[in-house]
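# Notes for the structure review
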Amino acid sequence: MKVNGKEYRTVWMQGSSVFMIEQNLLPFEFRIIECKNYLETCFAIKTMIVRGAGAIGAAAGFAMAQTFLHTPEKNKEDFLLKAKLEIENTRPTAQNLFYAVNRVYFAGLKSTIDAQHEAQQVADDDAYTSQKIGEYGNEIIKDGFRIETHCNAGWLAFVDFGTALSPVYYANCAGKNIFVYVDETRPRSQGARLTAWELQNENVPHVIIPDNAGAHLMSLGKIDMMIVGADRIAANGDVANKIGTLEKAIVAKEYGIPFYIAAPFSTFDLKCETGQNIPIEERSEEEVLYQTGPDAENIVRKILVSAPGSTAFNPAFDVTPAKFITGIITEKGIIDASKMVVEKINN
Ligand code: MRU
């Protein structure tokens, strides 16, 4: 996608370095950072400089390729396995991370060049599948639709295009008159900061809403459909996504509003029989207790927004049971979450 008229991917590799958009600084500053080795790339994933299922996957694949480029002669195998584990331990929920690391690791056992090619292929596949999701998703967006989305499953969360926002971009480009309600998505505000920034860049009409406004808007008949992304999809169609997704899905069902997940097959984890097996990341309480942003003088500050001395609990994801999901928009078409998941993937 374009930023200031220049085409960017969220994350890419050049030589032995991985480059990425520094997402913690958005929307206030657009900066590219360079990770010179896999440890720096791991740090970037952990601290959410790069975030979102597909972008994490691509970054992790590149990190794995970096380990092959820097393998010492002595204890090669131990080094690679230790590095693989370190990459896998950066963030536990997004399936794309494990998918990418495995693809690159096994390719790299043939040669370092194979590892580099495979990492690039993982990133290219991610951009391609996002594009296809946009095409299929566009088919179900009618002219005049008001769409609610949660968190950021746009191009910043993938290598390009995104998942939940890709159909929105296709519909907008097709000239459909659409409007997006953007859930703020506390505590890190990926909706208010990242999704809103993306939609501005693409000239998509939108408004940011507090996380707790969704049910009210749905009850007033102001939402025609909801599309969100996914971090991991279990074999029975249960979906882990950003915390707060579950309550939106329940309310949408109550009001008869179609609730769609948009995700590529690289997000499906058939080894997880149900959503209960999906590991849910718990992040630092600081993310809840403090907020960060520029003050009136444009100096970035971290401020306390909670009662001093109180602690916070910060689960980053929740699991939406398949029964609340109208369909999953994939790169091969729209599938029924509660019935078809395993069959479709195997075909
Ligand atoms: O914690 P994040 O920002 O990496 O969360 C992942 C997500 O972007 C969302 O859960 C998103 O809705 C899933 S699709 C990338």
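Residues numbered from 1 in each chain as written. Predicted model: local features only at pLDDT ≥ 70, side-chain atom pairs only at ≥ 80, totals over all residues. Heavy atoms only, no water.

Quick look at the site of the ligand now. Around the ligand lies a shell of 18 residues, among which Arg-51, Arg-91, Asp-231, Asn-241 and Lys-242 are the nearest. Gln-190 is positioned with one of its side-chain polar atoms (N or O) 2.9 Å from an oxygen atom of the ligand. Contact distances for the ligand include 2.5 Å between an oxygen atom and a side-chain N or O atom of Asp-231. Contact with the protein chains hides 100% of the accessible area of the ligand, taken as 400 Å² for the molecule alone. (Near = heavy atom within 4 Å. Polar contact = N/O pair within 3.5 Å; in protein donor to acceptor, adjacent residues only side chain to side chain. Areas by Shrake-Rupley, 256 points an atom, 1.4 Å probe, with all protein chains shown as cover.)

On to the domain arrangement of the protein, then. The domain boundaries assigned to the protein delineate domain 1 (2-130) and domain 2 (140-346). With 35 residues of domain 1 in contact, the opposing surface of domain 2 contributes 37 residues. Both sides together, the interface formed by domain 1 and domain 2 hides about 3,000 Å², and carbon and sulfur atoms give 54% of it. A salt bridge links Arg-91 to Glu-281; the nearest nitrogen and oxygen atoms lie 2.8 Å apart. The interface formed by domain 1 and domain 2 contains 22 residue pairs in polar contact (both at pLDDT 80 or more). (Domains from an automatic or database assignment. Contact = heavy atoms within 4.5 Å. Buried area = accessible area lost by both parts, 1.4 Å probe. Salt bridge = Lys/Arg side-chain N within 4 Å of Asp/Glu carboxyl O.)

Of all hydrophobic cores here, the largest spans 41 residues; its most connected members are Val-11, Met-20, Val-50 and Ile-87. Of all elements in the fold, only strand 3 (11-14), strand 4 (17-21), strand 5 (32-35), helix 1 (38-46), helix 2 (53-69), helix 3 (76-88), helix 4 (95-108) and helix 5 (112-138) reach the threshold of two or more residues within this core. Among the elements that line this core, the one with the most residues is helix 2, at 11 residues. Formed jointly, this core draws a minimum of three residues from each of two domains, domain 1 (2-130) and domain 2 (140-346). Sequence-distant contacts of Ile-87, that is, excluding residues within four places in its chain, are made with Tyr-38, Cys-42, Ala-60, Ala-63, Met-64, Thr-67, Leu-97 and Val-101. Core analysis: the next-biggest nonpolar cluster, separate from the first, contains 30 residues, Phe-161, Ala-171, Ile-227 and Tyr-260 among them. (Core = buried A, V, L, I, M, F, W, Y, C linked by side-chain atoms within 4.5 Å. Buried < 20%, exposed > 50% of the residue type's maximum accessible area, 1.4 Å probe, protein only. Helix = DSSP H or I, 4+ residues; strand = E, 2+ residues; numbered from the N terminus.)

Glancing now at the pattern of salt bridges. Think of it this way: side chains of opposite charge can pair up when their charged atoms draw near. Going through the model one piece at a time under the given rule, you end up with 15 salt bridges. Measuring nitrogen to oxygen at the nearest pair gives 3.5 Å for the salt bridge that ties Glu-86 to Lys-82. Taken as a pair, Glu-86 and Lys-82 lie in helix 3 at a separation of four residues, close to a single helical turn. According to the relative accessible area criterion, Glu-86 is partly exposed, its value standing at 28%. A relative accessible area of 55% places Lys-82 in the exposed class. Several salt bridges converge on common partners, so that one network encompasses Arg-91, Arg-188, Glu-281, Arg-283 and Glu-287.

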